[in-house]
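Descriptive analysis of the structure
Residue strings, one per chain:
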Amino acid sequence: MRRLIPVLLAVVFGGGCAHLISDSLRGQVNINLPLKQLFNTPEKFQDSRVMLGGVIVKTNNFPGRTEIELVEKELDHLGYPDRGDISLGRFIFVRQEFLDPQIYAKGRYVVGVGRVESAREGKIDQQPYRYPVVFAEEFHLLQNYSSPPNRGTYYGPLGPGFRRGGFGLLFPYNSYFW
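A quick note: this is a predicted structure, and the numbers were derived from the prediction, not measured.

Most of strand β2 (residues 65–72) sits inside the fold, with seven of its eight residues counted as buried. Two strands pair when backbone bridges link them, and strand β1 (residues 49–62) and β2 are joined in this way by eight bridges, in the antiparallel orientation. What sits directly across from I56, in β2, is L70. Linking two consecutive strands that pair antiparallel, namely β1 and β2, is a turn of two residues; a positive phi of about 85 degrees is found at G64 within it. Bridge count between β2 and strand β3 (residues 90–95): six bridges; the pairing is antiparallel.

So this is what it looks like as C-alpha cells:
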C-alpha cells in the first residue's frame, strides 16, 4: 500500500492540461516585454521572441509564405486566448509555408511564438495602421475554440467554481475544457 501512494499522487497531480506552446520555446519568450509597447513601437523590439494569440481577420498567401492578420487577445496561463472584446491591436504572423485560407479562416483562433521582424504600414478600412510583424516559429490553430459558449461558474455540491475532476479530485471549473 505504501508503494501505491506515490504512484497515485503522481498520476493525480501530474495529470492535467498542458500549455499550448512547448516548454523549450516558451522558456525563450521575453516575458518582460510590455505588449502595449510592442504594439505602439514594434521596431524597438526587433528580434525579440514573443508569445501572441488572437482571432484571425484574414489570411494572405504569397510565393513561399503566408501572412495571417490577427486581432490580439490576452493569453491565459495555458496559452489560450481570451474570447472577449479587449485587445491591444492587430499583428501579422508570418509562416514560410502555404496555409489554406479556408482552414485559417476569419474568426478562428491562433496562438504562436515567434520573433518580431519589423513593423508594416497598412490600413484598417481607411485608417492608417502600423502592424507588428512576427515570424512564427511555433504555431497552433485552435480546433473548435470559438464554438463552445462560456457557461459561467458551476454551482455544484462542493460550492461555486468546483466540480469533481477526472481522477476524483477537485479542480477549478474552466469552460475551455468542458
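There's more to say after this.
So, on to the sheet that holds strand β5 (residues 127–141). Reading around the circumference, β1-β2-β3-β5-β4 is the order of the five strands in this closed barrel, with mixed pairing throughout. The sheet shows a mean angle of 40 degrees between the axes of neighbouring strands, taken without regard to direction. In the sheet, β1 pairs with strand β4 (residues 109–124) via seven bridges, with the strands oriented antiparallel. In the strand pairing of β4, L52 is matched with G112.

Time to look at the side chain of E138. Its place among the elements puts E138 in strand β5. Looking at E138, the relative accessible area reads 15%, which means it is buried. Only 2.9 Å separates the side chain of E138 from the side chain of H140, close enough to count as a polar contact.

This brings us to unusual backbone geometry. For D47, which is not a glycine, the phi torsion comes out positive at approximately 75 degrees. Mapping D47 onto the fold places it in the loop between α3 (35–40) and β1. At D125, a residue that is not glycine, the phi angle is positive and equals roughly 55 degrees. Structurally, D125 can be placed in the loop between β4 and β5.

Let us now look at the pattern of salt bridges. Under the definition given, this model contains eight salt bridges. A salt bridge links R90 to E69; its shortest N-O distance comes to 2.6 Å. Of this pair, R90 sits in strand β3 while E69 sits in strand β2, and the two are 21 residues apart along the sequence. A relative accessible area of 21% places R90 in the partly exposed class. Among the residues examined, E69 registers a relative accessible area of 7% and is labelled buried. Here E97 makes a salt bridge to R95, at a shortest N to O gap of 2.7 Å. A network of salt bridges, in which partner residues are shared, links E43, E121 and R130.

How each quantity is defined
- Residues numbered from 1 in each chain as written.
- Predicted model: local features only at pLDDT ≥ 70, side-chain atom pairs only at ≥ 80, totals over all residues.
- Heavy atoms only, no water.
- Buried < 20%, exposed > 50% of the residue type's maximum accessible area, 1.4 Å probe, protein only.
- Helix = DSSP H or I, 4+ residues; strand = E, 2+ residues; numbered from the N terminus.
- Pairing = 2+ DSSP bridges.
- Axes fitted to C-alpha atoms, helices over the stretch in contact; angles between N-to-C directions.
- Polar contact = N/O pair within 3.5 Å; in protein donor to acceptor, adjacent residues only side chain to side chain.
- Salt bridge = Lys/Arg side-chain N within 4 Å of Asp/Glu carboxyl O.

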